[in-house]
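Each chain, letter by letter, is given below.
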Amino acid sequence: VTGTWQKPWTISYNAHGKFFTKFTELMQDKEIPNDIVRMFEAGIDIALLTPLRYSYDDVHIDEDDIMTDDRVTEIITDETIREDRREAFTQQTRMGWTKIFLGYFTNTWRTSTENLEFPWVASCIRLFLDWGRACWTHRNNHLYGPSKKRHKQKRQRLQAEARVWLEAPTCESLVPLQRSARFRRDLTRATTETISTWLLKQQTLRKLIRKKRRANIISCFQSETSMELLDRTFQKKLIEARRGTRVQNDTDNTNEEPPD
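Along each chain, residues carry numbers from 1 onward, in the same order as the chain's sequence is written. Note on the predicted model: pLDDT of at least 70 is required for a residue's local features to be given, and 80 or more for side-chain atom pairs to be given and counted; whole-chain, interface and lining totals, by contrast, use all residues. Hydrogens and waters are ignored; side-chain quantities use all the structure's heavy atoms.

(A) Spotlight on the overall build of the protein. For the purposes of this entry, the term helix denotes a DSSP run of H or I that reaches at least four residues, the term strand denotes a run of E that reaches at least two, and both are numbered from the N terminus. For the protein, the helix and strand inventory stands at 13 helices and zero strands. Listing each helix as α and each strand as β along the protein from the N terminus yields α-α-α-α-α-α-α-α-α-α-α-α-α. When accessible area is computed with a 1.4 Å probe and restricted to protein chains, residues below 20% of their type maximum are described as buried, those above 50% as exposed, and intermediate ones as partly exposed. Per-residue burial over the protein gives 43% buried out of 260 residues. Here the analysis covers contacts within the protein between residues at least 6 apart in sequence; of these, 68% occur between residues at least 24 apart. We call two residues contacting when some pair of their heavy atoms lies within 4.5 Å.

(B) Fine view of unusual backbone geometry. In this structure, glutamate 31 takes a positive phi of about 55° despite not being glycine. Look at glutamate 31 and you get exposed, because its relative accessible area is 52%.

(C) Main features of a positive patch on the surface. On the surface, Lys207, Lys211, Arg213 and Arg214 cluster together into a patch of positive charge. Mapped onto the elements, arginine 214 comes out in the loop between helix H11 (192-210) and helix H12 (217-220). Arginine 214 gets classed as partly exposed once you look at its relative accessible area, which sits at 45%. Nonpolar side chains (Val, Leu, Ile, Met, Phe, Trp, Tyr) are joined into patches within 5 Å and like charges within 9 Å, using only residues with over 30% relative accessible area and no salt bridge. Here the open area of atoms and residues is found with the Shrake-Rupley method and a 1.4 Å probe, where only the protein chains shown may cover a residue. Note on definitions: salt bridges are taken to be side-chain nitrogens of Lys or Arg within 4 Å of carboxyl oxygens of Asp or Glu. Working convention for charge: Lys and Arg count positive, Asp and Glu count negative, and His plus the chain ends are omitted. Throughout, a charge is located at the NZ atom of Lys, the CZ atom of Arg, the CG atom of Asp or the CD atom of Glu.

(D) Structural detail: the pattern of salt bridges. Within the structure shown, the criterion is met by 14 salt bridges. The partner of arginine 210 in a salt bridge is aspartate 231, with the nearest N and O atoms 2.8 Å apart. With arginine 210 in helix H11 and aspartate 231 in helix H13 (residues 224-243), this residue pair connects regions lying 21 residues apart in the sequence.

Have a look at this one:
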C-alpha cells in the first residue's frame, strides 16, 4: 500500500477518515498491489471531494466529462499499470465511483486480480457498504436529529400532509374524502403507519383520476390546462407539508412510541 494519500475533504464528518483507515488496513491485510490501491484512492477522491461527482446515469454530470478528469487520465494513460486493471478502473469510473458505497463494483476487478493470493473484492464491497450506511446515518442525524426527534418530525409532517388533503378544495384533491371534525381528529391521532397508508391511498387514487382511469366529475368539466394549474397548486402545498414548513403548533399527538 502506498500510504501517501492525504484525506483533503473539508466536510465535517470524521467517519470518512475512520473508514479510509479501515480501507487501508484491508488493502494491507489482503496484500493488494499498489496500482489497485492507487486506483481506489483516486476513485474515493472523485466520489467524496468537491466538486462532488454524482452518478452518471442522472443529469448531474456526463460520463464523458469525468473521463477527462486529470485524476482519471493520469491512471488510464499510465502504461506501468496492467491493461486489464486500467480497464476495470475505466469501467468503474463510467459506472460511477459513488456507487461503490452502494455495493456496485464492476466484475472486471475480480477477473483482473485472479492471480492474487487473497480474495479481496467481497471484503471490499462489505467495507464500502458499511461506509455508505454510516454516511446515510450521519446525513439523517444532521438533517433531522436523533431517532426520537426524527420520528416526531416525520409524524408532524405526515399530519401536515394529511391536513392538506382534508383542507384543500375538492377541485385540487380530486378524491372523495370525509372532512368531518371527528374523522380529522381520528386520523391525526392515528399511528404514523396508519397516516402514511392513508396518504398513499389518496395519492394512488388521485393519480388514477388524473390518468382518467377513475371517473371524476370535476375533471370532466375542467380543461387540461386548468387541471395542470390545480395540480401545481396542490403539489406545492404537499411539498411544503413534507418539508415541514406547514407544520402547525396545534398538531394532535398520540402516545405512540417511536420505532427502535
